[in-house]
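Architecture and fold: a report
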Amino acid sequence: MKTISVVSSNGQSYQFVDNGSPMQGGVKDVYFAPDKSYVVAFFRDHQDAQAKDRLDNIVKRYRDSIFNQPGGDYWKNLFCWPYDIIEHNGKLGIIVPVYNSCYFFQKGFNPGAANLSSIKGKEKEGKWFASSRYRNKTYKLHLDSTELGDWWKYIRICLNVSRAVARMHAAGLAHSDLSYKNVLIDPITGNASIIDIDGLVVPGKFPPDVIGTPDFIAPEVLSTMTLDKRDTNRKLPSMQTDRHALAVMIYMYLLYRHPLKGGNYFGTGDSTQEDNLMMGSKALFIEHPTDASNRPKANQIDPRELPWADINKIPYTICGPYLKALFDRAFIEGLHNPSKRPSAEEWKDALIKTVDLMLPCQNTACEQKWFVFDNNSKPKCPFCITQYRGQLPVLDLYYAPTPGNYRLDNHRIMVYSGQNLYQWHVNRNITPNEKLTEEQKRPVGDFHFHNNKWILINRNMPDLIDVQTKQPVAIGSSIELSEGKQILLSKESGGRLINVKLINS
């Protein structure tokens, strides 16, 4: 074992430890710094001038455009972005931050699988959490329950990934190989980080080096991959193919199955060709509302993948109206028409609204612990079929495009005890993103079930008013959430009004 020193083209010194057996990625050999604060990753194959130019732009220009702007520190948690280039013994390498400790398995598989395989200490690639098989206790290699998190955390993971992809696309960049292999996630915290940034695509400047990872390659890429790269009919990875991959990832993280892998068989007799047709030119959403030909067939479903593989028991509609609408656009309208696919920004907005529709399951033994309100008078958790009991306040948000003229805002808040209200609820001109100030991140109110009634405590809303009585609600005091109650949250431009409905289930 020896420590080797290298100097980058910028004159920065780095060290790495060579023990003769580096970690190996798809195309790189990876060595840790002595203090393990960064890694040095060398490309095994020779990198031509264009590859060097791409990397130079990634670690300088594109990195600067994201991280050295207002709110740039926020993105350091969502990307593992290389920040320097070195050469050693004729090989090109990049300097990359070490992954956060939350992205390494503490236990991995359940203790009973210890002698079969071990992923303890390995990276938490998204693939381990996108399959129902690894969650099923009848499967020897199921993950330890402490690694799995709950459904709310997967919503948060999807939100974080959507934010990162939206930022990347806003900078004019496409990942080209967006998949659960190149996204690390932590279901315990809900954190996510996009990795393998060194292959970014810049339209018109840096073309893609790969076509993507199976299961996430867009249909148009698969169906034209035999054409020459110079053929104008050949479709290569781009922002539009990232959008397909993002939709697939969100669907898999929330439903633990693939949206296109169903019961269709095309009679080719070749498994690779069958897969290429199923995911390419013949791709069809397994939950297509009018074409049931690709629905999973009961005799083909692995029992270890139940109940998630049964779309009748756990349909995609459990994800709520905002996500359902985007899944329809991604896998019905946009599956073979890339221009109709929802953007990462749209996924981000839909996920934020979905968070406000979520309720805690009242069954303490429920593994998912949270579910999305289904607009039913007797809501129930779709995962453990426990019906919600008690009074449930539903708050519809309104906004005023012109002073005093309030309109429904297509945004609803489900209330549970201890839930917080934030500035982005109070004012529709405020968005929960990297630009939020510390003040805007703090709750401005909270909900409680107190003395057999629901109340909203005003923590920091100076304009809070009971619309019917025209009485202000002082900071530190509370207002009851009674049927038909209208509460003005803010008088400012973009300020919202809430209308209370009570469901007794």
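Residues numbered from 1 in each chain as written. Predicted model: local features only at pLDDT ≥ 70, side-chain atom pairs only at ≥ 80, totals over all residues. Heavy atoms only, no water.

Below, the discussion takes up the packing of helix H4 (residues 239-255) against helix H7 (residues 344-355). The interhelical angle for the contact between H4 and H7, taken along N-to-C directions, is 25 degrees, at an axis separation of 10 Å. Relative to H7, H4 is oriented roughly parallel. Along the contact surface, H4 presents Leu 246, Ala 247 and Ile 250, while H7 presents Ala 344, Trp 347 and Leu 351. (Axes fitted to C-alpha atoms, helices over the stretch in contact; angles between N-to-C directions. Helix = DSSP H or I, 4+ residues; strand = E, 2+ residues; numbered from the N terminus. Parallel < 35°, antiparallel > 145°, perpendicular 65-115°, else oblique. Contact = heavy atoms within 4.5 Å.)

Now for the environment of Asp 242. Structurally, Asp 242 is set in helix H4. With relative accessibility at 1%, the residue Asp 242 sits in the buried group. Taking the C-alpha atoms as reference points, Asp 242 and Phe 216, 26 residues apart in sequence, are found 8.7 Å from one another. Not counting chain neighbours up to four residues away, the residues in contact with Asp 242 comprise Met 168, His 169, Ala 174, His 175, Ser 176 and Leu 178. (Buried < 20%, exposed > 50% of the residue type's maximum accessible area, 1.4 Å probe, protein only.)

The next subject is the confidence of the model for the chain. Summary statistics for the chain give a mean pLDDT of 91 and a share of 99% for residues scoring 70 or more. For the chain, per-element mean pLDDT is lowest for strand S3 (residues 23-24), which scores 78, and highest for helix H6 (residues 321-333), which scores 98. (pLDDT = per-residue confidence, 0-100.)

Time to look at the sheet that holds strand S19 (residues 478-480). If you trace the four strands from one edge of the open sheet to the other, you get S14-S15-S16-S19, paired in antiparallel fashion. Edge positions in the sheet fall to strand S14 (420-421) and S19, since each of these pairs with one other strand and no more. Relative to strand S16 (residues 453-458), strand S15 (residues 445-450) is paired through six bridges, and the arrangement is antiparallel. Bridge pairing in S16 links His 450 to Lys 453. (Pairing = 2+ DSSP bridges.)

Below, the discussion takes up the pairing of strand S9 (residues 191-194). Consecutive side chains along a regular strand alternate between the two faces of the sheet. Examined bridge by bridge, strand S8 (residues 183-186) and S9 share four bridges and lie antiparallel to one another. Within the sheet, the bridge partner assigned to Asp 186 lies in S9 and is Asn 191. A loop of four residues connects S8 with S9, the two strands running antiparallel in sequence, and Gly 190 in this loop sits at a positive phi of about 85 degrees.

A word on the packing of aromatic side chains. Taken as a whole and assessed by the stated rule, the structure comprises 32 aromatic pairs. An aromatic cluster of at least three residues, connected via ring pairs, comprises Tyr 251, Phe 285, Tyr 316, Phe 327, Phe 331 and Trp 347. Directly above the aromatic system of Tyr 139 lies the positively charged group of Arg 133, at a separation of 5.6 Å from the ring centroid. Above the ring of Tyr 399, the side-chain terminus of Arg 428 is found at 3.8 Å from the ring centroid. (Phe/Tyr/Trp six-rings, centres within 6.5 Å; stacked < 30°, edge-to-face > 60°. Lys NZ or Arg CZ within 6 Å of the ring centre and 35° of its normal.)

Let us look at the nonpolar core. By size, the foremost hydrophobic cluster in this structure holds 98 residues, and its most contacted members are Phe 79, Trp 81, Trp 151, Tyr 253 and Leu 254. If near-sequence neighbours (up to four positions away) are discounted, Trp 81 is found in contact with Ile 58, Tyr 62, Arg 63, Ile 66, Phe 67, Pro 97, Leu 173, Ile 197 and Leu 200. Core analysis: the next-biggest nonpolar cluster, separate from the first, contains 20 residues, Ile 413, Val 444, Leu 464 and Leu 481 among them. (Core = buried A, V, L, I, M, F, W, Y, C linked by side-chain atoms within 4.5 Å.)

Turning our attention to empty space enclosed by the protein. Remark: the empty space left among the atoms is shown by a probe the size of a water molecule rolled over them. Considering all chains together, one arrives at one cavity of 30 Å³ or more under this definition. Here the largest cavity is characterised by a volume of approximately 80 Å³. Forming the boundary of the largest cavity are 14 residues, of which Ser 176, Ile 211, Phe 216, Thr 241 and Ala 245 lie nearest the centre. The element best represented in the lining of the largest cavity is H4, accounting for three residues. Looking at the lining of the largest cavity residue by residue, the class counts come to eight nonpolar, four polar and two charged. (1 Å grid on protein atoms, 1.4 Å probe; cavity = no way out; pocket = protein on both sides within 12 Å on 5 of 7 lines; lining within 4 Å. Points joined across faces, edges and corners; volume = space filled by probe spheres on them. Nonpolar A, V, L, I, M, F, W, Y, C, P; charged D, E, K, R; others polar.)

With respect to the helices and strands, His 258 occurs in the loop between H4 and helix H5 (271-279). A polar contact of 2.7 Å, which involves the side chain of His 258, links it to the backbone oxygen of Asp 215. From its side chain, His 258 meets the backbone nitrogen of Leu 260 in a polar contact 3.0 Å long. Not counting residues within four places of it along the chain, the set of residues in contact with His 258 comprises Asp 215, Val 248, Tyr 251, Met 252, Met 279 and Ile 286. (Polar contact = N/O pair within 3.5 Å; in protein donor to acceptor, adjacent residues only side chain to side chain.)

This next bit is on the sheet that holds strand S21 (residues 496-504). Pairing within the open sheet is antiparallel, and its six strands lie in the order S13-S12-S21-S20-S17-S18. Sheet topology places strand S13 (405-414) and strand S18 (471-472) at the edges, where each strand pairs with a single neighbour. Bridge count between strand S12 (residues 391-402) and S21: nine bridges; the pairing is antiparallel. Residue pairing for S21: Leu 392 is matched across the bridge by Ile 503.

Bringing the packing of H4 against H6 into the picture now. The geometry of H4 relative to H6 is characterised by a closest axis approach of 10 Å and an angle of 130 degrees between their N-to-C directions. As the angle between them shows, H4 and H6 are arranged oblique. The two elements H4 and H6 cross, and the hand of that crossing is left-handed. Of the residues in H6, those in contact with Ala 247, Val 248, Ile 250, Tyr 251 and Leu 254 of H4 are Leu 323, Phe 327, Ala 330 and Phe 331. Grouping the amino acids of the contact of H4 with H6 by side-chain chemistry returns nine nonpolar, no polar and no charged. (Left-handed = near helix turned anticlockwise from the far one by under 90°.)

Taken together, the buried positions of H6 are occupied by Tyr 322, Leu 323, Leu 326, Phe 327, Asp 328, Ala 330 and Phe 331. Summarising the contacts, the buried residues of H6 are in contact with helix H2 (151-170), H4, H7 and S13.

Turning our eyes to something else, we now look at the state of the cysteines. Tallied over the entire structure, the rule returns zero disulfides. Of all cysteine sulfurs, the one in Cys 384 lies closest to Cys 366, which takes part in no disulfide; the gap is 3.8 Å. A relative accessible area of 3% places Cys 366 in the buried class. No disulfide involves Cys 381; its sulfur sits 3.7 Å from the nearest other cysteine sulfur, which is in Cys 384. When its relative accessible area of 0% is taken as the criterion, Cys 381 is described as buried. (Disulfide = S-S within 2.5 Å.)

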